[in-house]
Amino acid sequence: MISTLTINTAIDRLLFIESFCQNSTNRIKRVVDVLGGKGTHVSLNLSQLGMSSRCFGIAMGETGKRILHTLKAHENLDVRLLYVKKGESRTNYAIIEDDHTCTLVTEKGEVVSRELCEELLGKLEKELTAGDTLILSGDASNTEVPFFYNRVMERLEGRGIRFLLDTSSRNLVEGLKAKPYLVKPNVEELSQVLGCPIGSEAEILSGMRRIAAMGIEVVAVSCGGEGSYVLYQGQFYRVHPLTVQVLNTIGCGDAYLSGLAYGLEIKADFETTLRIATAVSAATAESDLTVGFDPARAAALQSQVVITKL
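Residues numbered from 1 in each chain as written. Predicted model: local features only at pLDDT ≥ 70, side-chain atom pairs only at ≥ 80, totals over all residues. Heavy atoms only, no water.

Visitor: Could you give an account of the overall build of the chain, naming the residues involved and the relevant values?
Guide: Tallying secondary structure elements over the chain gives ten helices and 15 strands in all. A globule of 310 residues ought to have a C-alpha radius of gyration of about 19 Å, and the chain, at 19 Å, matches this closely. Along the three orthogonal principal directions, the C-alpha set of the chain runs to about 50 × 45 × 40 Å. Expressed as a percentage of the 310 residues in the chain, the buried residues total 53%. Looking at the chain as shown, the accessible area adds up to about 13500 Å², and 48% of this sits on carbon and sulfur atoms. (Helix = DSSP H or I, 4+ residues; strand = E, 2+ residues; numbered from the N terminus. Rg over C-alpha atoms; globule rule 2.2 N^0.38 Å. Buried < 20%, exposed > 50% of the residue type's maximum accessible area, 1.4 Å probe, protein only. Areas by Shrake-Rupley, 256 points an atom, 1.4 Å probe, with all protein chains shown as cover.)

Visitor: Quick rundown of the packing of aromatic side chains? Include the residues and the values.
Guide: Scanning all chains against the criterion turns up two aromatic pairs. Here Tyr 232 and Phe 270 contribute two aromatic rings whose centre-to-centre distance is 4.1 Å and whose plane-to-plane angle is 20 degrees, an arrangement assigned as stacked. Of this pair, Tyr 232 sits in strand S13 (residues 228–232) while Phe 270 sits in helix H9 (residues 270–285), and the two are 38 residues apart along the sequence. Assessed through its relative accessible area of 10%, Phe 270 is described here as buried. Ring geometry for Tyr 237 and Phe 270: centres 5.4 Å apart, planes at 50 degrees, overall tilted. Taken together, the residues Tyr 237 in strand S14 (residues 235–239) and Phe 270 in helix H9 connect sequence positions 33 residues apart. Given a relative accessible area of 8%, Tyr 237 falls into the buried group. (Phe/Tyr/Trp six-rings, centres within 6.5 Å; stacked < 30°, edge-to-face > 60°.)

Visitor: I'd like to hear about the layout of surface pockets, residue by residue, with values.
Guide: The rolling of a water-molecule-sized probe over the atoms marks out the regions of remaining empty space. The computed volume of the largest pocket comes to approximately 1400 Å³. Forming the boundary of the largest pocket are 49 residues, of which Lys 38, Thr 249, Gly 251, Cys 252 and Gly 253 lie nearest the centre. Partitioned by chemical class, the residues of the lining of the largest pocket number 14 nonpolar, 24 polar and eleven charged. (1 Å grid on protein atoms, 1.4 Å probe; cavity = no way out; pocket = protein on both sides within 12 Å on 5 of 7 lines; lining within 4 Å. Points joined across faces, edges and corners; volume = space filled by probe spheres on them. Nonpolar A, V, L, I, M, F, W, Y, C, P; charged D, E, K, R; others polar.)

Visitor: Before we move on, could you go through the environment of Met 214 and cite the residues and values that matter?
Guide: As for its position among the elements, Met 214 is in the loop between helix H7 (201–212) and strand S12 (218–222). When the C-alpha positions of Met 214 and Leu 176 are compared, they lie 7.5 Å apart, and in sequence the two are 38 residues distant. With residues near it in sequence (within four places) discarded, Met 214 still touches Leu 176, Lys 177 and Lys 179. (Contact = heavy atoms within 4.5 Å.)

Visitor: Before we move on, can you summarise the sheet that holds strand S8 (residues 102–105) with the specific residues and values?
Guide: The four strands lie next to each other as S3-S2-S7-S8, forming an open sheet whose pairing is mixed. Both edges of this open sheet fall to strand S3 (28–36) and S8, since each of them pairs with a single strand only. Put simply, the sheet's adjacent strands are angled 20 degrees from each other on average, direction ignored. Direction of pairing for strand S2 (residues 10–17) relative to strand S7 (residues 90–97): parallel, over a ladder of eight bridges. Bridged to Ile 11 within S7 is Thr 91. Its contacts with the sheet place helix H1 (residues 38–48) against S2 and S3, and it is angled at close to 85 degrees to S3. Running at roughly 90 degrees to S2, helix H2 (residues 61–72) makes contact with S2, S3 and S7 of the sheet. (Pairing = 2+ DSSP bridges. Axes fitted to C-alpha atoms, helices over the stretch in contact; angles between N-to-C directions.)

Visitor: Describe the nonpolar core, with residues and values.
Guide: Leu 5, Leu 134, Leu 136, Phe 148, Val 152 and Met 208 are the most contacted members of the largest nonpolar core, which totals 43 residues. It is helix H3 (residues 114–127) that contributes the most residues to this core, five residues altogether. Formed by 36 residues, the second largest nonpolar core is a distinct cluster that contains Met 51, Tyr 237, Leu 260 and Leu 264. (Core = buried A, V, L, I, M, F, W, Y, C linked by side-chain atoms within 4.5 Å.)

Visitor: Account for the packing of H3 against helix H4 (residues 148–155), naming residues and giving values.
Guide: Where H3 contacts H4, the two axes come as close as 10 Å, and the packing angle between them is 35 degrees. The handedness of the crossing between H3 and H4 comes out as right-handed. In this structure, H3 uses Cys 117, Glu 118, Leu 120, Leu 121, Gly 122, Leu 124 and Glu 125 to contact H4, whose residues at the interface are Phe 148, Arg 151, Val 152 and Arg 155. For the contact of H3 with H4, the residue count by class is six nonpolar, one polar and four charged. (Left-handed = near helix turned anticlockwise from the far one by under 90°.)

Remember that the coordinates give geometry; whether it matters functionally is a separate question.
As structure tokens, this is what we get:
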């Protein structure tokens, strides 16, 4: 079974405006609250694909109660978040303009104590079993235990659990040392790993080789509206972008990871897995929300995905 871990759970508050103007009053046309947090986004997307998953993480305060209520309202979700009364889970603010420019402003989140980190580690140790997939997704810089994702992978090492890592900055750089099965940086995050700017296709492929050489099976680099590059078993795949009406790009990376996890879980052939991931991401871009998509639309888009072997 797939499990997701979200340290920094959140509510996303979407603020729809005509056009953002600095040093001026910006009038909000519509406000929508949806679930935030990269790991929980993955679980919701898997639910829409008809796949069960477990949600691990931490929810705090009144906002945490809303997060738990929202998760429990969805089918196929086994909610196993730790709830803490003290503190408050994040609220993120997505500013979405009429031209579909999307700007995300996020709260840092409460500091997670060593004691709470240890409780969460113990819960994962107890409840995950051989053959499970654990998705480590999003920011984990707010924990008193440094590089918490590494601690998770170290504690569960040798248990037959497959790790998929989607994070950034030092958490990504350090996380690679634990040799997760899959990593999904974007181009900016790939630059962070390599310590230098990345621009050309040749530079992207070279960087992916360096990561794979660390013992990582799947390296998927998302390039926003330009599609993605994936390295698997020594073969590079260029996944070309789909042409869709983009309403909101926030959450598309989480959707792509959801599709990869889904394809791997059902043991689809690898190109089919890439088609699923790309179609789910494109269908998510057609929604003006930060999570969720039309499953029928995603299914229809799969046949339109063009993949080139490099």
